[in-house]
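A look at the structure
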Protein chains: 2
Amino acid sequence: MTGPRYTPLTESLPATVPFVGPEAQERAMGRAFDARLGANENVFGPSPKAIAAMQAASAEIWMYGDPENHDLRSALAADLGITPANIVVGEGIDGLLGYLVRLLIGAGDAVVTSEGAYPTFNYHVAGFGGLLHKVPYKGDHEDPEALMAKAAEVGAKLVYLANPDNPMGTWHTGAEIVTALDKLPEGALLILDEAYVEFAPEGTAAEIDIDDPRVIRMRTFSKAYGMAGARVGYALGAAELITAFNKIRNHFGMNRAAQAGALAALADQEYLHETCTNVAAARDDIGRIAAENGLTVVPSATNFVAIDCGSDGNFAKAVLDALVSRGVFVRMPFVAPQNRCIRVSAGRPEDLAAFAKALPEALAEARG
Amino acid sequence: MTGPRYTPLTESLPATVPFVGPEAQERAMGRAFDARLGANENVFGPSPKAIAAMQAASAEIWMYGDPENHDLRSALAADLGITPANIVVGEGIDGLLGYLVRLLIGAGDAVVTSEGAYPTFNYHVAGFGGLLHKVPYKGDHEDPEALMAKAAEVGAKLVYLANPDNPMGTWHTGAEIVTALDKLPEGALLILDEAYVEFAPEGTAAEIDIDDPRVIRMRTFSKAYGMAGARVGYALGAAELITAFNKIRNHFGMNRAAQAGALAALADQEYLHETCTNVAAARDDIGRIAAENGLTVVPSATNFVAIDCGSDGNFAKAVLDALVSRGVFVRMPFVAPQNRCIRVSAGRPEDLAAFAKALPEALAEARG
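Residues numbered from 1 in each chain as written. Chains lettered and ligands numbered in written order. Predicted model: local features only at pLDDT ≥ 70, side-chain atom pairs only at ≥ 80, totals over all residues. Heavy atoms only, no water.

Structural notes on the packing of aromatic side chains
- Evaluated as defined, the whole model comprises 12 aromatic pairs over all chains.
- Centre to centre, the rings of A:Phe221 and A:Tyr234 are 5.7 Å apart; their planes meet at 45°, and the pair counts as tilted. Of the two residues, A:Phe221 is situated in the loop between strand E7 (215–220) and strand E8 (233–237) and A:Tyr234 in strand E8; the sequence distance between them amounts to 13 residues.
- On the basis of relative accessible area, A:Phe221 is assigned to the buried category, the value being 0%.
- Among the residues examined, A:Tyr234 registers a relative accessible area of 3% and is labelled buried.
- Grouped by ring-pair contacts, the aromatic residues A:Phe221, A:Tyr225 and A:Tyr234 constitute a single cluster.
- In this arrangement the basic side chain of A:Arg102 is found over the ring face of B:Phe128, its NZ or CZ atom lying 3.8 Å from the centre. (Phe/Tyr/Trp six-rings, centres within 6.5 Å; stacked < 30°, edge-to-face > 60°. Helix = DSSP H or I, 4+ residues; strand = E, 2+ residues; numbered from the N terminus. Buried < 20%, exposed > 50% of the residue type's maximum accessible area, 1.4 Å probe, protein only. Lys NZ or Arg CZ within 6 Å of the ring centre and 35° of its normal.)

Okay, structure coming up:
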């Protein structure tokens, strides 16, 4: 008896992947975190109206969700002044990135991203046999010009750019994105990941024609809308590209309660505004806590803040480990020099109090 | 400005796919269905404890779900007497079938299924460039011997067999499956889709060693557990194969409330038993309604019943259309001679009353 015959690509993929959730850390530690500030989750949570909608839909969960996501796409279209044909809803941006890579990337196809940018995108590119080319950050910012130059050099089919950026929280103006787009080489598609754009200053969302075939934008209910666990992302772009997702997506893949929750969350823009105010205050608090410990922060347009621990990646990792062992879940960038920082999500006062208490101890331990 | 460069495979896939939900039909009709009996959803719904767990988790949906699905996999493992390493949880069986096909099937690889069996599996095979070979049903049953013989003939990497079957509701004993498995050719993997197995008579689940590398079983919380809209499926198999899913799956793809709901549903076996009793009674009622209209049914081990409309596919389609236009959502098999039937899900008394009222009118209209 032999086992299954995998594809050569499957055989070549690494058996272990770097997706470790805080629950796994909690199981290893034998205790729950006091503050969950590592995954850029929105601790302020969704609108109470969204929670109520999900709870009501839970009682009717025996029904599959609408495979067309009609109501949510219609509401988003009305909100954005576009048509439902320009919108595909999927199982989080992660799911949509997987579908998009599958649509475009085969063995050896060139893809460009930034060194240290979103690892799940890289995971999907590798998973479909694409060849990743990376350019460094520039002053803790993604570098649109360098991305475009690299794309031209390697003949990229896909270019990934997050604005605002994760893990640094930095951002470009929409006007800068539009300028950079003009340098996108012919035949390349720009993925503009705007997962955090609702937190960013006015003018951060680039003004790009929805029918522009050079760009697809990714947005989500996981961040500003506080629904990470619901898995509702959406992509915006030219109808032809959006329609292509129907060739391969998991049509009945959306959770029905999540669809209802996202619809209710979208309708409660007042709550979204409150959340953004709360997050801005939390960013300030994180800056203050950092300053009290002699550290600086990287200015952020997201719901997290990169704190510069003032040394190298080893030191930041020691600080991180000491925070984690004290019950404060945080993460850090992967590559130098950004890995001199730890990344702390905007929390409620009680979360940040736990962080403020643990940080000086963690620094002392790391200096040690 | 040109558009994105798709892969040759993507270019070759059909732009439209046959996934039409009842909501789309309702929008087209301008009214809601009175009875939703077309998608093999479990109208009796999930355990009240599962609903309560999903509602509680909705309030904490700002957190991503555990990417390892640890608690659910541990509970399933304990229940089944296996280890969590033998279980992968995913976004419904549909999602898991997509991952499995991706792991094994590349351009031109041979896959075997039955003519008229699960179309979503065929969709995934086509989506990864596989070559589908089909064998006919035998007396409204899937034909394991013919599947194995075809697999040997074409050198199949994957063989799909649902037990009990959808869309006919027929089944084989577990012993028959075990016997057939011995004829599975070297290098092929059998997908044993057991989505409906909880409804089936004792002895329908085949006794196969969990570490047998020739088989992967698919199960779900969508059917007997009444949680189709939650999207929780799981696959059982040898640890090596199960672990391979980690190379490509959407690690953070599971809805957190759905994870909690499935865990609570699994713990309430008493409710599951009640559901199966209700479903068996509803199957009998459907048989009685059919008989009152001079029709026979195909014996079923699932939560749906194929009613033989006594003529050909055109006639059954006319009956179906007439039912739909009277507010009763049902579906039907795709291929002859199984398409002489309509497929009616087990409903509550009020659902079946709507069906009983509409059926004689629909038959009269179809007879014209």
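A word on the nonpolar core
- Of all hydrophobic cores here, the largest spans 224 residues; its most connected members are A:Phe221 and B:Phe221.
- Residue contacts for A:Phe221: discarding those within four places in its chain leaves A:Leu72, A:Leu76, A:Gly226, A:Met227, A:Ala228, A:Val232, A:Tyr234, A:Ala262, A:Ala265 and A:Leu266. (Core = buried A, V, L, I, M, F, W, Y, C linked by side-chain atoms within 4.5 Å. Contact = heavy atoms within 4.5 Å.)

What to know about the domain arrangement of chain A
Residues and elements named next belong to chain A.
- Partitioning chain A into structural domains gives domain 1 (19–45 + 270–367) and domain 2 (53–267).
- Listed as interface residues are 26 residues of domain 1 and, on the opposing side, 25 residues of domain 2.
- Of the roughly 2000 Å² buried between domain 1 and domain 2, counting both surfaces, carbon and sulfur atoms make up 66%.
- Between the two partners, domain 1 and domain 2, sit 1 salt bridge.
- Those elements that provide at least two residues to the side of domain 1 that touches domain 2 are helix H11 (269–292), strand E10 (304–308) and strand E12 (341–345).
- Top contributing element to the side of domain 1 that touches domain 2 by residue count: H11, with 5 residues. (Domains from an automatic or database assignment. Buried area = accessible area lost by both parts, 1.4 Å probe. Salt bridge = Lys/Arg side-chain N within 4 Å of Asp/Glu carboxyl O.)

Quick look at the sheet that holds E12(A)
Residues and elements named next belong to chain A.
- Pairing is antiparallel in the open sheet, where 3 strands are placed in the order E9-E10-E12. Both edges of this open sheet fall to strand E9 (296–297) and E12, since each of them pairs with a single strand only.
- Sheet topology note: the E10/E12 ladder contains 5 bridges and is antiparallel. If you follow Phe304 over to E12, its bridge partner there is Ser345.
- The sheet strands contacting H11 are E9, E10 and E12, and the helix crosses E10 at an angle near 15°. (Pairing = 2+ DSSP bridges. Axes fitted to C-alpha atoms, helices over the stretch in contact; angles between N-to-C directions.)

Regarding the relation of the copies chain A and chain B
- The transform that puts chain A on chain B rotates by 180° and translates by 0.0 Å along the axis, for an RMSD of 0.0 Å. What we have between these two chains is a two-fold relation. Across chain A, the rotation axis passes nearest the C-alpha of A:Gln55, at a separation of 2.3 Å. (Least-squares fit on C-alpha atoms with pLDDT ≥ 70 in both.)

With respect to the pattern of salt bridges
All names here are of chain B.
- In this structure the tally under the stated criterion is 46 salt bridges over all chains.
- Measuring nitrogen to oxygen at the nearest pair gives 3.6 Å for the salt bridge that ties Arg288 to Asp285. Linking Arg288 with Asp285, this pair stays in helix H11 (residues 269–292), spanning 3 residues, or about one helical turn.
- For Asp285, a relative accessible area of 28% translates into the label partly exposed.

A word on the UniProt feature "domain: Aminotransferase class I/classII large" (unreviewed entry) in chain A
- Taking the UniProt record as the reference, the feature "domain: Aminotransferase class I/classII large" (unreviewed entry) is found at residues 37–359 of chain A.
- End C-alpha atoms of residues 37–359 of chain A are separated by 13 Å, and the span's content is 40% helix alongside 15% strand. (UniProt positions renumbered as here; feature names shortened; annotations may be inferred.)

Section: the sheet that holds strand E9 (residues 296–297) of chain B
Residues and elements named next belong to chain B.
- As summarised here, the arrangement of the 3 strands in space is E9-E10-E12, forming an open sheet in which the pairing is antiparallel. Looking at strand neighbours, the two that pair on one side only are E9 and strand E12 (341–345), the edges of this open sheet.
- Packing of H11 onto the sheet brings it into contact with E9, strand E10 (304–308) and E12, and relative to E10 it is tilted by some 15°.

With respect to the interface of chain A and chain B
- Residue-level contacts link 83 residues of chain A with 83 residues of chain B.
- For the pair chain A and chain B, the summed buried surface comes to about 7400 Å²; carbon and sulfur atoms form 56% of the total.
- Run the count over chain A and chain B and you get 6 salt bridges.
- Where chain A packs against chain B, one counts 54 residue pairs in polar contact (both at pLDDT 80 or more). (Polar contact = N/O pair within 3.5 Å; in protein donor to acceptor, adjacent residues only side chain to side chain.)

What about the side chain of A:Thr204?
- As for its position among the elements, A:Thr204 is in the loop between strand E6 (189–193) and E7.
- Discounting chain neighbours no more than four positions away, the residues touching A:Thr204 are A:Asn163, A:Pro164, A:Trp171, A:His172, A:Thr173, A:Gly174 and A:Val197.

What about the pairing of strand E8 (residues 233–237) of chain B?
All names here are of chain B.
- Here E8 lies mainly inside the structure; 5 of its 5 residues are buried.
- Where burial is concerned, the two faces of E8 agree: the one with Gly233, Ala235 and Gly237 and the one with Tyr234 and Leu236 are both buried.
- One ladder, built from 4 bridges, connects strand E2 (residues 87–90) with E8; its direction is antiparallel. Within E8, the residue paired with Val89 across the bridge is Tyr234.
- Where strand E7 (residues 215–220) lies against E8, 5 bridges are found, and the strand directions are antiparallel. Pairing of Arg217 across the sheet is with Leu236, part of E8.

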